[in-house]
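# Inside the fold
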Amino acid sequence: MIVKPGIRVIITAMLLALMICTSCINDDYDSYPPQYEEVLDQGDPLPTFDIIMNDGRKITNEDFTNKVSLIVFFNTSCSDCRKELPVIQRFYDENPKYPVVCISREENEMSVSKYWESEGLTLPFSPQADRTVYNMFALTLIPRIYVIDKAANVAAIFTDNPLVDYATLYETVRRTDGY
């Protein structure tokens with residue numbers, strides 16, 4: 001099949017636009033040099049922070065000592081987050097020994113609650129209308145899953161490339177817990 005040069009340009013432009021639209025929301029990759037994508041690396045201690053959960057509990061970085069736990073950053077408009085949240089929900093349901101704290105990035109409580117209800121999620125979450133807490137951990141990419149060790153250090157980090165599956169997440173948490 002022969003494609004006219006003008007049509008080829010239009011098709012190429014459309015494909016390029018589609019590729020740009022598939023990246024996660026609100027990530028201006030050009031404004032951050034690659035070496036600054038990670039604020040926290042494996043082995044780093046948690047930053048000092050406090051958040052209010054959807055049930056009214058106050059959580060601080062000190063609440064992560066003496067137990068292996070997960071911190072998950074998400075936004076319900078992010079397609080990768082929508083794929084990952086059911087994996088996190090399964091982990092939460094099947095492993096009550098390990099606390100899970102979900103923190104929204106630039107999304108209010110009403111929006112998160114509506115999504116949680118529509119998807120049948122019961123994960124505890126902290127709605128954050130901005131990036132203040134998120135930027136203590138990273139500058140780009142969601143979802144982000146941090147496995148936190150008993151000393152409140154980052155034991156592992158999972159992002160959207162690739163999305164973590166249940167088995168890998170489970171084994172990472174168990175290994176971090178000494179099993």
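The coordinates are above.
In this report, the structure presented in the accompanying data block is examined. Please read all numbers here as calculations on a predicted model, not as lab measurements. (Residues numbered from 1 in each chain as written. Predicted model: local features only at pLDDT ≥ 70, side-chain atom pairs only at ≥ 80, totals over all residues. Heavy atoms only, no water.)

## Description of the nonpolar core
Spelled out, the test is: We call a set of buried residues a nonpolar core when its members are Ala, Val, Leu, Ile, Met, Phe, Trp, Tyr or Cys and they connect through side-chain atoms within 4.5 Å of each other. Burial classes: relative accessible area under 20% of the type maximum marks a residue as buried, over 50% as exposed, and values in between as partly exposed (1.4 Å probe, protein chains only). Note on conventions: DSSP H or I runs of at least 4 residues are helices, E runs of at least 2 residues are strands, and numbering of each starts at the N terminus. Contacts: residue pairs with any heavy atoms within 4.5 Å of one another.
Ile71, Trp116 and Leu169 are the most contacted members of the largest nonpolar core, which has 48 residues in total. Only strand E3 (69–74), helix H2 (79–94), strand E4 (100–104), helix H3 (109–119), helix H4 (134–137), strand E6 (144–148), strand E7 (154–158) and helix H5 (166–176) provide two or more residues apiece to this core. Among residues more than four places away in sequence, those in contact with tryptophan 116 are Phe74, Thr76, Leu85, Cys102, Leu121, Thr122, Leu123 and Phe125.

## Describing the side chain of glutamate 84
Just so we agree on the cut-off: Only four residue types enter the tally: Lys and Arg on the positive side, Asp and Glu on the negative side, with His and both chain ends excluded. In what follows, salt bridge is the name for a side-chain nitrogen of Lys or Arg lying within 4 Å of a carboxyl oxygen of Asp or Glu.
By the element assignment, glutamate 84 lies in helix H2. In this structure, glutamate 84 is buried with no salt-bridge partner, the nearest side chain bearing the opposite charge being lysine 83 at 9.9 Å. Once residues within four sequence positions are removed from consideration, glutamate 84 is found in contact with Pro143, Ile145, Leu163 and Val164.

## Describing the sheet that holds E6
Here is the rule: The pairing criterion is simple: DSSP has to find at least two bridges between the two strands. To obtain each axis, a line is fitted to C-alpha atoms, and for helices this fit is confined to the stretch in contact; angles are then taken between N-to-C directions over 0 to 180 degrees.
If you walk across this open sheet you meet the five strands as E5-E4-E3-E6-E7, and the pairing is mixed. Two strands in the sheet have a free side with no partner beyond their single neighbour: strand E5 (125–126) and E7. With two bridges joining them, E4 and E5 adopt parallel strand pairing. Bridge assignment links isoleucine 103 to a residue of E5, and that residue is serine 126. In this fold H5 packs onto E3, E6 and E7, with an angle of close to 25 degrees to the strand it touches most, E6.

## Points about the state of the cysteines
A covalent bond between the sulfur atoms of two cysteines is referred to as a disulfide. Inclusion rule: Note on terminology: pairs of cysteine sulfur atoms within 2.5 Å are recorded as disulfides.
Under the definition given, this model contains zero disulfides. Of the cysteine sulfurs around cysteine 81, a residue in no disulfide, the closest is that of cysteine 78, at 3.2 Å. What makes cysteine 81 buried here is its relative accessible area of 1%.

## Notes on H5
Going by this rule: Read the arc as the range of directions from the helix axis to the C-beta atoms. Counting of polar contacts relies on pairs of N or O atoms within 3.5 Å, with two restrictions inside protein: one atom must be capable of donating a hydrogen and the other of accepting it, and residues adjacent in sequence are counted only when both atoms are side-chain atoms.
Taken residue by residue, H5 has Tyr166, Leu169, Thr172 and Val173 as its buried positions. Down the axis of H5, the sector holding all buried residues measures 140 degrees, keeping them to one side. Tucked inside the fold, the buried residues of H5 contact E3, H2, E6 and E7. Where H5 begins, the capping side chain belongs to aspartate 165, and its oxygen is found 3.1 Å from the backbone nitrogen of alanine 167. Count one or two residues on from H5 and you reach glycine 178, which has phi positive near 90 degrees.

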